[in-house]
Amino acid sequence: MPKKKICLVAPDDHSFYVLRRPLIRDLLKRNFDVTLVGAPGPYVVDLEALGANFKPISTGRYISYLSDFIYLFRILRLFFFNKYHIIHTFTLKPNLFVPIISRLTANGRTVISFTGLGFLRRVNTSDSIFKLILLKILEKGFFVACCVSDKIWFQNPDDFEYLSSRFKINNTKVSIILGSGVDHNDIIVDRRKARLELLRRVKSKFDSKSIFIVMLARALVKKGVYDYLTVARSFSSDPARSNVKFIFVGDLDVSDTDAIDPRIIMGAPESFQWIDSAHDILTYLAGGDLFVLPSYYPEGLPKSILEAMSAGLPIITTDTPGCRETVEEGVNGFLVPPRSPDALAEKIGYFVDYCDTIKMGESSKLLVERKFSSTVVNKNVFEQLYEIEYET
């Protein structure tokens, strides 16, 4: 019996390796012929070692008439000469273009995944006329993409409600599956060793008695980096909080209009450390005591929170779409209002003074296993989106 062919389309190799690896493994395990389409990078070798085929077709994050035309042409050529049983896209630009090309080239089942709404929710009425017009054009495009797709995956119910308020979506096509899934085999770590490694990597003035607060995100304003820094400054001025240390792990993309100003971070207190790139993020997660993400960015369901939960960390995040789903209040963490550093500082202080770190961390792990594990998510993906029976 010939293998079923599936094509996954995402921005780049990094997103495949970091976010889609559990799904790719499951597809290969079930004898699928897996093709990955995205911009190439250092993770291509690892993806091909899993058994997937990688097609290097790049598209920029932002709109560019020339690069987008080249992207469309190369996708069209790929789908014209190769027929797939399933085509599955991730993020906004592949979601917009690929379903239409899939239909034009008579390919098989088409699935689109909204892993956050990004630009679609970042535009407001005070923005320029150009942005507002562009938003209207994109909404028309996504309406067409949703019409020609067989299934539509939202990672949280708020994103579905928002888009369905902007244009009509066929509810029978929609599945709400929380997150991309976390594979526990990738997260198993010795927390004591991770703590020692964390102490080795950070500033020497941090010691074993320190309480480490960890934030992992892109260095964007809407991820709440400035709120996090404000809390670090307030704690550093309080002698009773001198043992609380703040670590921010995140890459800076200066091309993003929402990027933080690194000069502000450079003026941070000694209790704050910015690590602008890290390959072994599990060291910072498993070696920490509390994970914080004060985001007001249009998230899908942040993988960083799920990884922190799997590593056994309690969570403090904002009561916003995609973030609120990860917290059971007072059990594995707390929710705070977005754009509220005072509320964030209050909850971190409460956690430091009164909470059982180990018990709340264990609750995080149990919540991941119950709702967000790769087994749970992939079962829903196979059965709801691909309409294929999933055997564990």
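Residues numbered from 1 in each chain as written. Predicted model: local features only at pLDDT ≥ 70, side-chain atom pairs only at ≥ 80, totals over all residues. Heavy atoms only, no water.

**Q** How should the overall build of the protein be read in this particular structure?
**A** Looking only at helices and strands, the protein features 17 helices and 13 strands. Relative to the compact-globule value of 21 Å for 392 residues, the protein shows a C-alpha radius of gyration of 21 Å, a close match. Seen through its principal axes, the protein has C-alpha atoms that stretch 65 × 50 × 35 Å. Across the 392 residues of the protein, 54% fall into the buried class. Residue pairs in contact within the protein that sit at least 24 positions apart in sequence constitute 69% of those at least 6 positions apart. In the structure as shown, the protein presents an accessible area of about 17800 Å², 56% of it carried by carbon and sulfur atoms. (Helix = DSSP H or I, 4+ residues; strand = E, 2+ residues; numbered from the N terminus. Rg over C-alpha atoms; globule rule 2.2 N^0.38 Å. Buried < 20%, exposed > 50% of the residue type's maximum accessible area, 1.4 Å probe, protein only. Contact = heavy atoms within 4.5 Å. Areas by Shrake-Rupley, 256 points an atom, 1.4 Å probe, with all protein chains shown as cover.)

**Q** Could you clarify how one ought to interpret a nonpolar patch on the surface in this entry?
**A** Together, L66, F69, I70 and F73 give the surface a local cluster of nonpolar side chains, amounting to about 450 Å² of exposed area. Considering the arrangement of structural elements, one finds L66 in helix α4 (residues 65–81). In this structure L66 comes out as exposed when scored by relative accessible area, which is 61%. (Patch = residues over 30% accessible without salt bridge, like charges linked within 9 Å, V, L, I, M, F, W, Y side chains within 5 Å. Salt bridge = Lys/Arg side-chain N within 4 Å of Asp/Glu carboxyl O.)

**Q** In this structure, what is going on with the pairing of strand β6 (residues 151–154)? I would like to understand it.
**A** Look at any regular strand and the pattern is simple: side chains alternate between the two faces of the sheet. Burial along β6 is two-sided: K151 and W153 facing one way and I152 and F154 facing the other are all buried. Looking at chain direction, strand β5 (residues 109–114) and β6 are connected through four bridges and run parallel. Looking across to β6, one finds that V111 is bridged to K151. Pairing of β6 with strand β7 (residues 174–176) involves three bridges; the strand directions are parallel. Note that in β7 the partner of I152 across the bridge is V174. Between β6 and its parallel partner β7, the chain crosses via helix α8 (residues 157–166), and the hand of that crossover is right-handed. (Pairing = 2+ DSSP bridges. Right-handed = clockwise from strand over helix to strand, strands pointing away.)

**Q** Help me understand the packing of aromatic side chains, please; the structure alone is not making it clear to me.
**A** In this description, an aromatic ring pair is defined by two values, namely the gap between the centres and the angle between the planes. Across all of its chains, the model carries 19 aromatic pairs by this definition. A ring pair is formed by Y71 and F97, whose centres lie 6.4 Å apart and whose planes are at 55 degrees; its orientation type is tilted. Pair noted here: Y71 is in helix α4 and F97 is in helix α5 (residues 92–104), with a separation of 26 residues, a long-range link. Like Y71, the residue F97 is buried in the burial classification. For R21, the ring lying beneath its charged end belongs to Y17, and the centroid distance is 4.1 Å. (Phe/Tyr/Trp six-rings, centres within 6.5 Å; stacked < 30°, edge-to-face > 60°. Lys NZ or Arg CZ within 6 Å of the ring centre and 35° of its normal.)

**Q** I tried to follow α8 on my own but got confused; where do I start?
**A** An α-helical segment advances 3.6 residues per turn. Residues three or four places apart therefore align on the same side. Those residues of α8 not exposed but buried are D159, F160, Y162 and L163. Summarising the axial view, the buried residues of α8 lie within an arc of 165 degrees, below the 170-degree limit, and thus occupy one face. Away from its buried face, by an angle of more than 90 degrees, α8 presents the exposed residues E161 and S165. The residue sitting at the N-terminus of α8 and contributing the capping side-chain oxygen is N156; that oxygen lies 3.1 Å from the backbone nitrogen of D158. (Arc of directions from axis to C-beta. Polar contact = N/O pair within 3.5 Å; in protein donor to acceptor, adjacent residues only side chain to side chain.)

**Q** Sorry, what's going on with the side chain of H88 here?
**A** In this fold, H88 is placed in strand β4 (residues 86–90). Polar contacts involving the side chain of H88 include one to the side chain of S113, which spans 2.5 Å. For H88, the contacting residues outside a window of four places in its chain are C7, L8, V9, V111, S113, W153, L385 and Y386.

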